[in-house]
Every structure is written in structure tokens, then in C-alpha cells.
Amino acid sequence: MEFPQQQKPAGDGKIIYPPGVKEITDKISNDEVVKRLKMVVKTYMDMDQDSEEEKQQYLGLALHLASEFFLRNPNKDVRLLVACCLADIFRIYAPEAPYTSHDKLKDIFLFITRQLKGLEDTKSPQFNRYFYLLENLAWVKSYNICFELEDCNEIFIQLFKTLFSVINNSHNQKVQMHMMDLMSSIIMEGDGVTQELLDTILINLIPAHKNLNKQAYDLAKTLLKRTVQTIETCIANFFNQVLVMGKSSVSDLSEHVFDLIQELFAIDPMLLTSVMPQLEFKLKSNDGEERLAVVRLLAKLFGAKDSELASQNRPLWQCFLGRFNDIHVPVRLECVKFASHCLMNHPDLARDLTEYLKVRSHDPEEAIRHDVIVTIINAGRKDLNLVNDQLLGFVRERTLDKRWRVRKEAMMGLAQLYKKYCLHHEAGKESAQKISWIKDKLLHIYYQNSIDDKLLVEKIFAQYMVPHSLDTEEKMKCLYYLYACLDTNAVKALNEMWKCQNMLRGLVKELLDLHKLPVSEANNTAMFGKLMSIAKNLPDAGKAQDFMKKFNQVLGEDEKLRVQLEMLISPTCSCKQAEICVREITRKLTFPKQPTNPFLEMVKFLLERIAPVHIDSEAISALVKLLNKSIEGTADDDEEGVTPDTAIRSGLELLKVLSFTHPTAFHSAETYESLLQCLKMEDDKVAEAAIQIFRNTGQKIETELQQIRSTLIPILHQKAKRGTPHQAKQAVHCIHAIFNNKEVQLAQIFEPLSRSLNADVPEQLITPLVSLGHISMLAPDQFASPMKSIVANFIVKDLLMNDRSVGNKNGKLWTTDEEVSPEVLAKVQAIKLLVRWLLGMKNNQSKSANSTLRLLSAMLVSEGDLTEQKKISKSDMSRLRLAAGGAIMKLAQEPCYHDIITPEQFQLCGLVINDECYQVRQIFAQKLHLALVKLMLPLEYLAVFALCAKDPVKERRAHARQCLLKNISVRREYIKQNPLAQEKLVSLLPEYVVPYMIHLLAHDPDFTKPQEYEQLKDIKECLWFMLEVLMTKNENNSHAFLRKMVENIKQTKDAQCPEDAKANEKLYIVCDVALFVIANKSTACHLDSPKEPVLPSKEKKNPKTAPVNTSTNSSPLSSTINKNSNSSENNENPVIKNDESKKEEAGNNATTDAEASVVKRRGRPAKTTTASAVAEKDGASAPAAGGGRGRKRAADPNSNPSAESINLKVSKQQQQNDEGTKRQIDLQR
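Here is a short report on the structure shown in this document. As the structure is a computational prediction, the values presented were derived from the model and not from experiment.

Helix and strand content of the protein: 60 helices and 2 strands. A burial count over the protein gives 56% of its 1229 residues as buried. Contacts spanning at least 24 positions in sequence make up 75% of the contacts within the protein whose residues lie at least 6 apart.

Moving on, we get to the packing of aromatic side chains. The full count for this structure, using the stated rule, is 18 aromatic pairs. Residues Y672 and F694 carry aromatic rings whose centres are separated by 5.3 Å and whose planes lie at 20° to one another, so their mutual orientation is stacked. Taken together, the residues span a long stretch of sequence, with Y672 in helix α36 (residues 669-679) and F694 in helix α37 (residues 684-697) at a distance of 22 residues. The pair Y672 / F694 is uniform in exposure class, with both members buried. K454 extends its terminal NZ or CZ atom over the ring of Y446, reaching a point 4.9 Å from the ring centre.

In this model, helix α9 (residues 173-189) (17 residues) spans 24 Å end to end at C-alpha, consistent with the 24 Å of a helix rising 1.5 Å per residue. For α9, the complete set of buried residues consists of V175, H178, M179, M180, L182, M183, S184, S185, I186 and I187. The opening residue of α9 is N172, an N-cap whose side-chain oxygen sits 3.1 Å from the backbone nitrogen of K174.

Mapped onto the fold, S254 is located in the loop between α13 (228-244) and α14 (257-267). Leave out the neighbours within four places in its chain, and S254 touches V242, K247, S248 and S249.

Here we take up the packing of α36 against α37. Think of two packed helices as two axes; the pair is described by the angle between the axes and how far apart they sit. Interaxial distance between α36 and α37 falls to 8 Å at its minimum, and their mutual angle equals 145°. Here the hand of the crossing between α36 and α37 comes out left-handed. Contacts from Y672, L675, L676, C678 and L679 of α36 reach α37 at V686, A687, A690, I691, I693, F694 and T697.

Along the polypeptide, R722 turns up in helix α39 (residues 706-722). Owing to a relative accessible area of 60%, R722 belongs among the exposed residues under this scheme. Distance in space between the C-alpha atoms of R722 and P768 is 7.7 Å, their sequence separation being 46 residues.

Take the state of the cysteines next. Here, disulfide denotes a covalent bond that connects the sulfur atoms of two cysteines. Under the defined criterion, the tally for this structure stands at 0 disulfides. Sulfur of C963: no disulfide; nearest cysteine sulfur belongs to C948 and is 7.9 Å away. Overall, C963 belongs to the buried group, its relative accessible area being 3%.

Here we come to the packing of α37 against α39. Taken N-terminus to C-terminus, the directions of α37 and α39 make an angle of 130°; their axes are 12 Å apart at the nearest point. Accordingly, the angle class assigned to the pair α37 and α39 is oblique. Pair α37 / α39 crosses with left-handed handedness. Between α37, through A687, I691 and F694, and α39, the contact on the second element is made entirely by I708, L712, L716 and K719. For the contact of α37 with α39, the residue count by class is 6 nonpolar, no polar and 1 charged.

Rules behind the numbers
Residues numbered from 1 in each chain as written. Predicted model: local features only at pLDDT ≥ 70, side-chain atom pairs only at ≥ 80, totals over all residues. Heavy atoms only, no water. Helix = DSSP H or I, 4+ residues; strand = E, 2+ residues; numbered from the N terminus. Buried < 20%, exposed > 50% of the residue type's maximum accessible area, 1.4 Å probe, protein only. Contact = heavy atoms within 4.5 Å. Phe/Tyr/Trp six-rings, centres within 6.5 Å; stacked < 30°, edge-to-face > 60°. Lys NZ or Arg CZ within 6 Å of the ring centre and 35° of its normal. Expected span 1.5 Å × (residues − 1). Polar contact = N/O pair within 3.5 Å; in protein donor to acceptor, adjacent residues only side chain to side chain. Axes fitted to C-alpha atoms, helices over the stretch in contact; angles between N-to-C directions. Left-handed = near helix turned anticlockwise from the far one by under 90°. Disulfide = S-S within 2.5 Å. Parallel < 35°, antiparallel > 145°, perpendicular 65-115°, else oblique. Nonpolar A, V, L, I, M, F, W, Y, C, P; charged D, E, K, R; others polar.

Now the structure itself:
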């Protein structure tokens, strides 16, 4: 056997073995070798470094054990024992090893390293020896000898790989500790860590390896923590080469740099002290994907639970925040997703994030806006204090996002926060107060046009705001106090929601009733109409129509399904029954083999809307008990944040609304007894609401609840005679609605009131006038005649034609209701009484309507001061003008009176929308809109909105435009949904408003000089205001139809004054302006008109012998309008004329046209300051010079405001004129 040249042993080179150990050679068996080696191991184990004699004695044996025979022995037991001996030899001979050959040392340490693999099996009989080997090596730091070797790195790499591969969960802490000591000594005491050795450590941190061997990951983690000071430089060098220099070939781990950085940061941020600036460089890379990878990494680092990176490295944090505005969409998306974890783990960074999230909440990308909401809501759900008011404000804004997905997420997120913190009070009252606005905001969304929004609000209300899963008492308590805390608009939205659901229930009931009739063509048509109406109330109208047809077919075939549906919409259906019905209907329509069933989903939408999940008899009873507790002072009102008075008033309002939608649920003695108590309360609003509830629900009181009846009647009589005006109105209507002997009851009120009228005490007149007016309207046959003498002798002669008191001369155009004089309030009620009396009669046989219209016209001409004695104040005159204009408009809703309203009276009524008082314009426009949108007023009244172009207040013009849009939309939708409407297109089609508009503008009192540029520009503004909305879409070539209509008007004469050349000239000039506007707006207007327009005969007279007006330039229109076409076409910013230039023009033209004197502009404040418009809204008087005083209206030639005018007979000539000018347009109600 050959031995390498080593130290010479003592003696003649003979190997000395321990006592009892025979020579170990390759001649003996393995078992014998093992046996003898064990004795050798024991000897070396017992030796220590001080045994110099033994060290010298056994030196030959030490050299012999390093021979090839032992190092390459195939027997693992032999190898293990030899390795143990060698480890002890290194211990005994330390610090100098007995082996001087570098190659031999390398072989020995590689041999020992290979033996360490035996540590893997802790259950092996030899494990203790393997452990002894490891312990010995670690304690002595034997591997440090290798630092002297040139290729020591190979040994260390092999050692590290071996230890990381063998460690497992069966090893105890001592094994891990010795491995750690062994490896850390190599790192900390060496000259540095090579890339290959670093790779053997870092590879264990890569997710794939980490998951395979958790113990290796923990070992590497602990090793890095222990050696952080030494190894940090090597790590920095590695990342510098890969990240900055782009040398990915330096390591096989280059592609995992970001995973490694994340893991190293989690282990100890100090490991990356020099690496972080390199990441800042990478954040500014031109490669979007690279920026995305860095952003993902930094998001994890900044967002980690205990990370202090943002505070420690502000430049990197600011650079990272800049990526919120990255051009690359995925980068911005990643930043937004990170914000959620950051808000939860680092609330102190919320301020930094807020501004960036604000910008991203308006991001053009839908997904990013969506994730901003998710980020904020997730943080808020964890802890409301994590999100500030600004962040919640971003979510609030997104409830109006243009994309449904974003709106839905925002609404649902807010609903979840509301339920958690306001309903369940999970974070106390302070948090609930912080987001108390959510309930109002969510309900406000019901005002949106989208049916999806409305359905979601209904779902949120039923599941989050007043969860239907609660028991009845809890549910009603929740609703009771919610209603008390809502703002006015939210209350209106909630009321509208119940109204819409009730309307839909009505449509379904009508559909089911049609199923009970025999099959016929008419029945099918009616059924189709109902289905279309129902589909309009469901999402995705196109699909909804198809699914509703299918549902209708199923209803026709399945009688049990019809029974369930009838039960569901029955007024007596309870909430529990409704749940059962919905479940049964859903079960019948479910097909198990279909994973998705859009038909069923659509039916579910319908069922959710019509099912009474909140209100039934039990619920109303619970609400009434809550109301009683509030009245008695035993409720939790203060605890819920409302005063008892507010709780009572809002509770009654809630019951009043529910009495419209669920009247049957109120029918119980207990409920009515509580309402009677409310009638006796001092709060006027409470009593009024209680009366209205009786009116809506008390149809069976007379037959079934005699005791309630006997108590109720005297109270109603008292309210009708001496209550507030609103109470009186409701009391009269209540008597008329619920009692069989209403004639007797009403007579008992009418007679004493009619006898006690006294104009000298106006304070006591208002309620009697209200009661008398409503009695005469509800029972005209009984009271029309007695009322006639009251109207003639008292209302007109004594009240309206006399000014008994002198008004306040403070110059204000408007005052609050409390400041209006009692006499004027009485006069306003007197005007309303006249209207109600006429509306009750519904005929003009006595010509009372003509006289009334003349009286009202005279009031408008005199600007509200009918007697013209100058006693009445300006603010009171405003009230009377508004009352007169509203009265004419109210009478126009009745066909028999609409037919006798003259064009002059219509024009006077329309000019109220240009009144000098802001509040008059505002209230009149609102009333006009409401009547038009319900199709109760004739189409010609839509033309009045064109005059709003002259309104100096931008918001009034914007409101008028919205009204126009709504009205046009309603009329077009009505024509689509009602096939019979085709026969009445003249009275329904919005385009037919144009002749009325042109006629109204031609007779505008401000339009005095047909050739004057400023006046023509005004006319153009008014025309554009209407036409711009009408011509938004060119449906059925409507632009050509409009052009043809205007051209046809130019072939006619003005029916109001056919022989007046100047009036006809003004008509034609307005037509020219209209043609100019139409041509400028549309290139398609010159095509052939799809239909020949029909002109209304009352406004235009077809001239059989009149000369035909074919001129298109009968005025200097083309040149003057084009001068300022850009500015004048902007209906939001009409050009405000300069007073001085206007006066100068007036002076220049005075000699040529004496009639056309300077006219004060209606509804125009002074043009010198913008503050005057604000002052006008506040009711301040208008400035004297050109300051918006309404032009004194030209007197109606037919008006005679004397007391005798009511009984004047109409001349035969006048009757013929009336007959000849009757409108040919049917009034569509």
C-alpha cells in the first residue's frame, strides 16, 4: 500500500496502533476493519491536544488513515469511522494538521463532506456517529484549514450543498446549530464569499426551493442573519452586476433577483443596504415590463407588516409613488393594488398615498378606477380609521362613474361599510358618525337614469340598510330611525323607490288579470304593452323583453305559477309569504342541467322588485308602536341620534308614504287609534300626515270600525274649518274618500264657512278658502251654484278687487312665506279657489271660465297689482303674478278650458317664466315641467321653455334645458310604447312645438324692431335653446321635417292678427332665423321631409288669397347673425348686451319707429355686476336703470278686471272668433 510523503513518524516508519488493535490492511475483511477502526476511533476520541507523546506515537496511524484505501473504501461504515478519526486528528493536532500536501487536504475534506450526507437519516443506527462528526468539525472549525488551499471554494460549495440538502424536519436544534456554526465560521473568517458559494445559500430562498425544503430555507435565513455584516458586500456586488450592469450570466439565479430581494429584505433589511438605490434606478427603466417587476417587488417590501423601508429610504419611496402615474397600465394597476396592503399595515403612509389615489380614481382605465375602490374599501372594512375622509370621498365620487362595474363596486363597498359601522356599530358612535353620509349618498343614486343603478340601490336597501333578514321589530326600528336621519333628497328617493316597486306590482297584476280573459287579438296587444312596460323596469331592456315574453308564455301554461305570483303581489301578502312565493317560483323556473340561466336571473330581478320584503300588516303595526313610544317619550330616540319631535314627524311621514303603496296593511283598530292620537297633537305637520293616512287607507272604516268613524268625523270637521290650509285640504279629501254620506258631511262644512267669510279679517280667510275650493272641486254638482255667488260677490268683488292694507315698501322682489301679508295669502288662495271651482265644473256653459281668464290676464298685465293703487308691495305682487300664471296653466290642463284660452292669454302666461323675480321664474318653471312631463299640458306650453334662454342666471337655463330633455324623452318614449299615439302625433311629437315657439317669439314684447341686430340675436338664442335639444338626434330625418315645417309657416299668416303687416313680418323673420339655425346645425335638413307637417290653425292662418312669402332674406338676418354665430350658439352663455349701447341704439331709432321705445328686459338683472344676479335670488330689489324690471305686459284687449266681468255675456262676434280660432290639437292626458 503506498502512502504519500508526509511527516515522518517516530521510529522506523512503522505504524503504531493503539493497544489491542491489530494492523489494518486491505487483506482483512470489512467487518474486521470496522471492528479495529472502532477501537482506533475510541483512542482518538479520548486524546486531547496536550497529549504530545501520544500525538507523536500515533502520527503514522493518522497518516495511514488518510490513504486511498480508507478514503475510497466502498464500505460506508468504514468511511464513517475513518471520517470520525480524521475529524479527531484535526482536533488533536490543531492548529497544524499532520497533512502537508494541499491535494491530500482537499481529498480529505471532500471525503469528510461526503460522509456528512449520512446526517439525513436520523433513524439510522449510525446517526450518533454522524452527529459526532458534525459536532467535532463545527467545534474545532476544521474547515478553516482549507482557506490555505487554492481551490478551497470547491470544498466549501460541496459542504454547503451537502448541509442544505440533508437538513430536514427530523433534526433537532443541536444539529441545526452545529451546521450553522460550521458554515458561518467559513463565511465570517474567510476573505470573502464567491458568487458560486453565495448561490448555494441564496438558491434556498427561491420560492420553488423554499417550498420543497422549509428547513433548508430556515437554515439559509439564519445563516444570512448571523453573517449579515460579512455577506452584505457580496450580495450587493451580485445585484449590482445583474441589475445595473445587466450581467445575467454571473449567476444562474439572475432571473430570480426580485424574488431574492424580497426574501432577503424579509430576513434582514441590512442585507440590502447597498441594493435599494439600484432599485430606484430600475424604477426609471424604459422597459415597462421591467418597471412592473420592480414595482411588484417594492410593493411587497413597502407593504410588509413591519417594514420601515418607506421611512428609512424616502427617495426610493417617493420614486415608487411616482409609478402611480406610470404610462404603463399594469404598473399603475399594481401600484393601486399595493395601496390596500400599505393602508392596512402602515396607516402613517395614508397621507402620502391619498393624493396619488385621488389621481388614479380618475384614471382613464376602468380596471384601475375599480381597484382604487377595492383598495379603499378593503382597508375600511378592516378598520375604518385606516381610511381618511378624502379616501372615502374618492369612493363617493365613483358612485357616479360612467362605467357600471366601477359604480357597482363603489356602491356595494359603501353599503358594506354602512352595515358594519352604522347598523352593527362595530366601531362605536364616532365611526358611525364619520360615515353617516353614506345612507343619503346611496339613496341619491336612485335619481340616476340607469335601471341598473336603481336596482342596485333597491338591493342595497333590502340587504344592507334595512336587512330584510331581521325580525320584524328590529327591521322596522332600523327603518324608522333611518327615515328620520335621511336628508330631504334621500327621503324623496326612498319614496320614489317604493312608488316604482308599487307601480311594477300594479303592472304585473294587470298582466295576470289579462291572463284571466279569453284569448283575443286585443288581449294579446294589451298583454304585449304590459310586458314592454315591465321590461323597461328591468336591466338590459332588449333581453328583458325577450325573457318577459318567455315568462308570460310560462305563466299562460302554468296555473300554479300564476297562483304563486298572484299571492306575491296581493295586498295582503306578508313578508314571510313573499319569501315562500319567491322560492317556489324560482324553483319552478330552475333547470338543474343549466349552470347559468339568464332567463331565471331576469325573473329574479322582477321578483326582487315586486316582493314585499319589508312592509306588511305586522310591519305597520311595529312602526305604529315605535311612533307611540316616541309620542310617550319611552323610545330610544336620543340614543339613535334624533330628537323625539323629529322621530314623530318623520315616523308619520314614513307611514304616510307607505299608506300610498300598502294601504291594506294599515287596516286595524290599533293603528287607527294611534293615528287619532296624532291628530290631536300640536305639530301641524304630524296632524296633516295623519289625516292623509286616513284618506289613503280608511275605505273600510265606515263599515268595519264604527268607533273610529265616530271619533274621526268631528276632528276632520274641525280641521277643515280651523286647521292649517294643508290640514283643511286633506280633511276635505279624507271625508270625500272614506264616507258614504260625504254630501252631508261636506255640506256641514261648506255652509258655516261660506257664511263666515269676511275680507276684513284675512288671517281667518285662508283655511276657509282652501276648504271651499276643494269642496267645490270634489262635489261640483252639489256646490257649483252656491259657489258662483260667493265667487262673484266675495272672491272677486270684495277680496281680489280691493287692497285693504298697505304693503311693505322695502323694494324686495321676494320674501319668505312668513313675511307675506295675510291679505295677499288670502288673495292667492282666492285665485286657487277660482281654479278649483272651474276644474270641478269642467264646463264653460256659464262663461265663468272666460271671465276668470280675463281676470287672471289682467292681474298679469298689471304685474300683480290688479287695482293699480300702488298699495301692494313688490314681493306681494310677485306672489300674485305667480299665482295668476299658475292658475292659467292649471286651467289649461282641462280640455274644455284649454280651448278657450286665447293666444294673448297663453303668451301672458308664458312670459311669467321671464319674470323679474328669480323665485317666480324658478317655481313657475318647476310647475310647468311637472305638468308637461305627466302629459297633462298641451304641447304648446313646452314652447315656453324657449324663453328661458333669456334668463340671466346660468343654473336656471341649465334647469330649463334639463326639463326640455326630459319632456322630449318622455314624449318620444310614450309614442314608442303606445301604438295608438300615432293618431295624435300633432299633440305629442316634440317637433310640433316649433310652430308654437315661433309664434310665441314673434309676439314677444321685447321683439319690437324686426331689423335690430340685438333683438334678432335674442330671438336666435331662444330658438337655439329649443332646437339644439330637439335636433340632438336626426331620428327619422326629423331635421328635414323641421325645415319643411318652418318653410310651411312662411306660407301662412299670423292667425292672431292676420291683417297686421308688422306682426306677419315678425313671424316671417323668426322663421328665417329658425331656418338659419336649423341649416347651421344640420347638413341633413335639406333632404326631403319624410312627412308633410301639419300646422296648428290657432297660431297660423292658411291664406287662400294671401301673398305667398317665399323670401329667405326678408331681414338682414344672414349678415347680422353670422357676425356672432359662435358665441350666440352657446345656450349656457348667452351674450349679455351692454346697456349703454342699447340706449344709444334706442335713441338712434326713435325717429324711425316711435312705437319701439326702449323696453326693460324681463328677468334681466343689471349688467354692470355679476353680484346682481345673486341679489335677485335672495329677493333683493332690482336696480332701477335697466335692472331687470319685468316689462309691463300689454293689456289683453278682451280683459276687463271689473267685478262685473264674471257675469258679462260674451258677444256673438266674440263667440264666432272663439269658434274660428279653436285649437285642432287634442289634449293628451
